[in-house]
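One letter stands for each residue in the lines below.
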Amino acid sequence: LTILEDALGADHYDLIVILNNLSLMYCSKGQYAKAEPLYLRSLAILENTIGSEHPDVATMLNNIGLLYYYESKYLQAEEFHKRSLSIRENVLGSDHPDVATSLNNLGLLYFSQGLYTQAESLYARSLTILEKALGPDHPNVATSLKNMAKLYRKTNRAKEAATLEKRAETIM
């Protein structure tokens, strides 16, 4: 990182991959305090070089939202996930698989807070997009089905959960 910073400058676009990979590594080790400044620096570089309404910015916002989710900083996580979702819907269209990812992650955040009604509508919309865009037998559909099944179990709808779990198993 230091070599590239010296060669390219501290705010060069090419640094983003390294900064993001370091952030992901720190997150995987639970070292969120080390990941956060790297993610935020990546976001600043992205916004300064390609603008604030670009899909790459949405991806970075999503990553930061997940970081805050892992840290149980739910208000911050929600802010970043909503921003990511907004960019993805505006730039990619409301039926894009990346929109489904944002919906799923926002749903996960709400589920974790016991906001099951909000989570369910986001999970359902995510599932619909994935089935339409990727087909009913795609692994991402299975993941979405599992998330919805988990919500159904939590809200005492075991029969509906079992149906979704069975379907997810046939995909995997």
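Anything mentioned here points back to the structure above.
Residues numbered from 1 in each chain as written. Predicted model: local features only at pLDDT ≥ 70, side-chain atom pairs only at ≥ 80, totals over all residues. Heavy atoms only, no water.

J.: Talk me through the pattern of salt bridges; I want residue IDs and the actual numbers.
T.: Within this structure, the stated rule accounts for eight salt bridges. One salt bridge in this structure joins Arg125 and Glu89, with 2.5 Å as the shortest N-O distance. Here Glu89 lies in helix H5 (residues 74–92) and Arg125 lies in helix H7 (residues 116–134), a separation of 36 residues in the sequence. Residue classification places Arg125 among the partly exposed residues on the basis of a relative accessible area of 33%. On the accessibility criterion, Glu89 (25% relative accessible area) is partly exposed. (Salt bridge = Lys/Arg side-chain N within 4 Å of Asp/Glu carboxyl O. Helix = DSSP H or I, 4+ residues; strand = E, 2+ residues; numbered from the N terminus. Buried < 20%, exposed > 50% of the residue type's maximum accessible area, 1.4 Å probe, protein only.)

J.: I'd like a description of the packing of helix H4 (residues 55–70) against H5, backed by residues and values.
T.: Two measures define how a pair of helices packs: the angle their axes make with one another and the distance between the axes. One way to put it is that H4 packs onto H5 with a least axis distance of 8 Å and a crossing angle of 160°. Comparing their axes, H5 and H4 come out roughly antiparallel. In the crossing of H4 with H5, the sense of the turn from one axis to the other is left-handed. Listed contacts from H5 to Pro55, Val57, Ala58, Thr59, Leu61, Asn62, Ile64, Gly65, Leu66, Tyr68 and Tyr69 of H4 are Tyr74, Gln76, Ala77, Phe80, His81, Arg83, Ser84, Ile87, Arg88, Val91 and Leu92. Looking at the contact of H4 with H5 residue by residue, the class counts come to 14 nonpolar, six polar and two charged. (Axes fitted to C-alpha atoms, helices over the stretch in contact; angles between N-to-C directions. Parallel < 35°, antiparallel > 145°, perpendicular 65-115°, else oblique. Left-handed = near helix turned anticlockwise from the far one by under 90°. Contact = heavy atoms within 4.5 Å. Nonpolar A, V, L, I, M, F, W, Y, C, P; charged D, E, K, R; others polar.)

J.: Lay out H4 in plain terms, naming residues and giving numbers.
T.: Its 16 residues place the ends of H4 23 Å apart at the C-alpha level, agreeing with the 22 Å of an ideal helix rising 1.5 Å per residue. Those residues of H4 that sit buried are Val57, Ala58, Met60, Leu61, Asn62, Asn63, Ile64, Gly65, Leu66, Leu67, Tyr68 and Tyr69. On the buried face of H4, the contacting elements are helix H2 (15–28), helix H3 (32–50), H5 and helix H6 (97–112). At the exit of H4 stands Ser72, carrying a positive phi of roughly 60°. (Expected span 1.5 Å × (residues − 1).)

J.: Pulling in residues and values, what's your account of the nonpolar core?
T.: Core analysis: the largest hydrophobic core is formed by 47 residues, its most contacted members being Tyr39, Leu43, Met60, Ile64 and Leu145. Secondary-structure elements contributing two or more residues to this core are H2, H3, H4, H5, H6, H7, helix H8 (139–154) and helix H9 (158–171). If you tally residues by element for this core, the top one is H4, at eight residues. Those residues in contact with Leu145 that sit more than four places away from it in its chain are Leu127, Leu164, Arg167, Ala168 and Ile171. (Core = buried A, V, L, I, M, F, W, Y, C linked by side-chain atoms within 4.5 Å.)

J.: Please set out the side chain of Arg88 residue by residue, giving values where relevant.
T.: Summarising the element assignment, Arg88 is placed in helix H5. Nearest to the buried, unbridged Arg88 among oppositely charged side chains is Asp98, at 4.6 Å. Discounting residues that sit within four places of it in the chain, Arg88 has contacts with Ala58, Thr59, Asn62, Gly93, Asp98, Val99, Thr101 and Ser102. (Lys, Arg positive; Asp, Glu negative; His and termini not counted.)

J.: Can you tell me about the environment of Ala77, naming the residues and giving the values?
T.: Along the chain, Ala77 falls in helix H5. Given the relative accessible area of 0%, Ala77 is considered buried. Other than its neighbours up to four places away in sequence, Ala77 contacts Gly65, Tyr68, Tyr69 and Leu109.

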